[in-house]
Amino acid sequence: MLIGVDIGTSAMKVVLVDDGEAVVADAELPLRPNHPAPLWSENDPEAWWRAVCDGLDKLAATAPRAMAAVRAIGLSGQMHALVALDAEDRAVRPAILWNDGRSRAEAAELAGLGLDLQRRTGVLPMPGFTGPKLLWMARQEPDAFRRTRTVLLAKDYVRLKLSGERATDVSDAAGTWLLDQARRNWCDEAVAACGASPEMLPRLVESPEPCGVVRPELAARWGLPRGVIIAGGAGDVAAGGIGVGAVQPGDAFISLGTSAQVFVADDAHRPQPELLVHAFCHALPARWFRMAALLNGASPLAAAAQWTGGASVATLLAEVEAAYTGPSRLLALPYITGERTPHNDPLARGAIVGLTGDTSRADVVQAIAESVAFSLVDGLDVLGGGGAPPPRLALIGGGARSTFWAKMIASVLGVPLVRYSSSERGPAFGAVRLARLASGGEDPAAVVVAPPIADTVEPDLGLHDAYRPRVEAFRALYQALKPVWPSVSL
C-alpha cells in the first residue's frame, strides 16, 4: 500500500492505493488562502498540516487494514511558496504563495542581472518565485528575515512535520529561482542575489529518493507500520507528469487546476527565458521539462461561482452546455491573479466586455471558460514557437472532470485531449508513484507509464475555425487594457 499527498492551493488531496494502482480510499479537504493586501496571497503553513492530519485520520477510519500495510508516502505540492521558519521550526510569518505579486520590483531588479543567470535558473525571475520574495522579505520585513533559519516549500513543511527532515527535491526547488537546473544543485549566485545564504536552504534530493520516515507517534495515530518511508516527492506539475507517464522527450500535457500549465518533457535542460518559458528539473534523474505557466486555470470559474450566488462550477458549466450554440459574443480575460506566460504581468486582472441587458449568467460563465482556453493557446504557441501543435495532449487536474469544458478546450486548441483514469487526481497520483520508487528499487521505466485511457476528447474542427478570430480578439483585449491595470490592481 502507498499514500500520495498533494498540498494544493484550494484543497489538500490524499489518496491510498494498492500495488496495482487501484484506489482504496481518498480524502479531499478545502484550503483557503488569504489576501490581506492588493497582490498578496498567503496561507498559514499549519493549515496545510491540519488538513493532512485530518485527511490521514479519514483514511485510517475508512481503511484501517490497508493503512497497516502502507510502506511509503509520496508528497506533492504547490510550487514557489516561501515558508520561512525560525530556529524552533515555527513560521516567522504566513507563507507567501505562488500567485503573490508583491515582489515585482525585486523580480525586475533580479532580471537585470542578465540572461546567463536566467538560463541557469531556468526562467526570467517573476514575482511568484521564492527567490524574489526572499529579497522582498529581507528589505520589507527585516526582523522576520533575521529570525529565519530555514526556507522550505509547501510540501516540505509537511515533510518536516511528518518526519523532522529538512529537505526538498530538485523538481520543487526548480521553481524557486535559486536552483542551477543543469547541475541540479543550488545556484550560489542566485542565492546571494536574493539576499539569502546557503545555510537557509534545505538539502536537495532526487524525487524518487527516500527522504525521512514517519515519526513513531504519528504512525501510531494513523495505524501505520513503523518506519514508513517518505519519498523526496515533487512539485505539483512534475508530479502530474509522473502520474501520466510524461517523462520522455516530447511527452506533453495540460494541467488544469487552480492554475494551469502546458508541459513538455525533455532529456536536457533547454532554457528559453526570453520567451517566458519555464525550463525546470523533472521528477526523475536526468529528466527536465519546459512549461508555459498560467496563473489562472479553473480559478476564474470558481470566482464566477462566488460572484453569481455560490452555485458549483459543475452547475455553471452544465448551464453553459445547455445553452451553448458556439463562440460567445462576450469576450473575457481570466487574469484574476495576474499572468506569467506569455505576459509576466502581475497587475493584469479579469475583464468581461460586451455586456448587455440581456446577458445571462451562462453567457458570462461561457466567456470565462473560453478565456481560459484562449490563454492555453497562448501557452501552447510559446512552447511550440508558433509551429504545429502536438498530435495530442493529455489533460489532468480538477478541470479535466468536465467533458463539456474539455471539448471546448480541445476545439479551441485544435488538438485531441486524452483523459486518463486518474486524470483528476493528477499530482497526488504522481506522488504515489514516487513513493513506490522510493520504497522498492523498481525500474522507473516500469512504474512511470501512462495509466489506462478513460477517453479521448476530439476537437470540433468547425468550432476551431470559428474560435480563431476570438483568440485574436482576446489578445487584442489584453493589449488594450494593459495601461489600465495599475489603476485597478494596486
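Reference entry: report on the structure contained in this document. (Residues numbered from 1 in each chain as written. Predicted model: local features only at pLDDT ≥ 70, side-chain atom pairs only at ≥ 80, totals over all residues. Heavy atoms only, no water.)

Re the overall build of the protein
For step 1, the next point in the chain: Regarding its fold elements, the protein presents 19 helices and 24 strands.
For step 2, the next point in the chain: Against the compact-globule benchmark of 23 Å for 490 residues, the protein has a radius of gyration of 21 Å, which places it among compact chains.
For step 3, the next point in the chain: In the protein, which comprises 490 residues, the share counted as buried stands at 59%.
For step 4, the next point in the chain: At a minimum sequence separation of 6, the contacts of the protein that also span at least 24 residues come to 72%.
For step 5, the next point in the chain: Surface exposure of the protein reaches about 17,400 Å², of which carbon and sulfur atoms provide 53%.
For step 6, the next point in the chain: For the protein, the distance from the average position of its 45 positive side-chain charges to the average position of its 53 negative side-chain charges is 2 Å. (Helix = DSSP H or I, 4+ residues; strand = E, 2+ residues; numbered from the N terminus. Rg over C-alpha atoms; globule rule 2.2 N^0.38 Å. Buried < 20%, exposed > 50% of the residue type's maximum accessible area, 1.4 Å probe, protein only. Contact = heavy atoms within 4.5 Å. Areas by Shrake-Rupley, 256 points an atom, 1.4 Å probe, with all protein chains shown as cover. Lys, Arg positive; Asp, Glu negative; His and termini not counted. Charge placed at Lys NZ, Arg CZ, Asp CG, Glu CD.)

Here's the deal with the environment of W177
For step 1, the next point in the chain: Mapped onto the elements of the fold, W177 is located in the loop between α8 (170-173) and β10 (179-180).
For step 2, the next point in the chain: Not counting residues up to four positions away in its chain, the partners in contact with W177 are L110, L117, T121, V123, L124, P125, F129, P132, A190 and C194.
For step 3, the next point in the chain: Engagement of the side chain of W177 in a polar contact is seen with the side chain of T121, the distance being 2.9 Å.
For step 4, the next point in the chain: A polar side-chain atom of W177 sits 2.8 Å from the main-chain carbonyl oxygen of V123. (Polar contact = N/O pair within 3.5 Å; in protein donor to acceptor, adjacent residues only side chain to side chain.)

Quick notes on helix α12 (residues 299-307)
For step 1, the next point in the chain: Residues of α12 that are buried include every one of S299, P300, L301, A303, A304 and A305, and no others.
For step 2, the next point in the chain: The inward-facing, buried residues of α12 abut α13 (313-323), β20 (331-334), α14 (361-384) and α15 (403-413).
For step 3, the next point in the chain: Phi turns positive, to about 110°, at G309, one or two residues after α12.

A few points about the layout of surface pockets
For step 1, the next point in the chain: Here the second largest pocket is characterised by a volume of approximately 360 Å³.
For step 2, the next point in the chain: Lining of the second largest pocket is provided by 22 residues; of these, V377, L380, D381, P389 and L413 occupy positions nearest its centre.
For step 3, the next point in the chain: Elements with a minimum of two residues in the lining of the second largest pocket: α14, α15 and α18 (461-481).
For step 4, the next point in the chain: Looking at the lining of the second largest pocket, the element that brings in the most residues is α18, giving six residues.
For step 5, the next point in the chain: Considering only residue class, the lining of the second largest pocket consists of 13 nonpolar, four polar and five charged. (1 Å grid on protein atoms, 1.4 Å probe; cavity = no way out; pocket = protein on both sides within 12 Å on 5 of 7 lines; lining within 4 Å. Points joined across faces, edges and corners; volume = space filled by probe spheres on them. Nonpolar A, V, L, I, M, F, W, Y, C, P; charged D, E, K, R; others polar.)

Focus on empty space enclosed by the protein
For step 1, the next point in the chain: Considering all chains together, one arrives at one cavity of 30 Å³ or more under this definition.
For step 2, the next point in the chain: Considering only enclosed or pocket space, the largest cavity measures out at about 50 Å³ in volume.
For step 3, the next point in the chain: Considering the residues around the largest cavity, the lining is formed by T130, V151, L152, L153, T168, T176, L178, W186, L201 and P202.
For step 4, the next point in the chain: In terms of residue class, the lining of the largest cavity is made up of seven nonpolar, three polar and no charged.

Some remarks on the pairing of β20
For step 1, the next point in the chain: Here β20 shows a buried face lined by L331 and L333 and a second buried face lined by A332 and P334.
For step 2, the next point in the chain: The pairing of β20 with strand β21 (residues 350-353) spans four bridges and is classified as antiparallel. Bridging from a neighbouring strand, L333 pairs with A351 of β21. (Pairing = 2+ DSSP bridges.)

Comments concerning the packing of aromatic side chains
For step 1, the next point in the chain: Enumeration according to the criterion identifies ten aromatic pairs in this entry.
For step 2, the next point in the chain: A centroid spacing of 5.6 Å and a plane angle of 85° characterise the contact between W40 and W136, whose relative ring orientation is edge-to-face. Of this pair, W40 sits in the loop between β3 (23-30) and β4 (42-43) while W136 sits in helix α5 (residues 130-140); the two residues are 96 residues apart in sequence, bridging distant segments of the chain.
For step 3, the next point in the chain: Relative accessible area serves as the criterion here: at 24%, W40 is assigned to the partly exposed category.
For step 4, the next point in the chain: Judged by relative accessible area, W136 falls into the buried class, the value being 9%.
For step 5, the next point in the chain: Over the face of the ring belonging to W40 we find R102, whose NZ or CZ atom lies 3.5 Å from the ring centre.
For step 6, the next point in the chain: In this structure, R184 packs its charged tip against the face of W288, placed 4.9 Å from the ring centre. (Phe/Tyr/Trp six-rings, centres within 6.5 Å; stacked < 30°, edge-to-face > 60°. Lys NZ or Arg CZ within 6 Å of the ring centre and 35° of its normal.)

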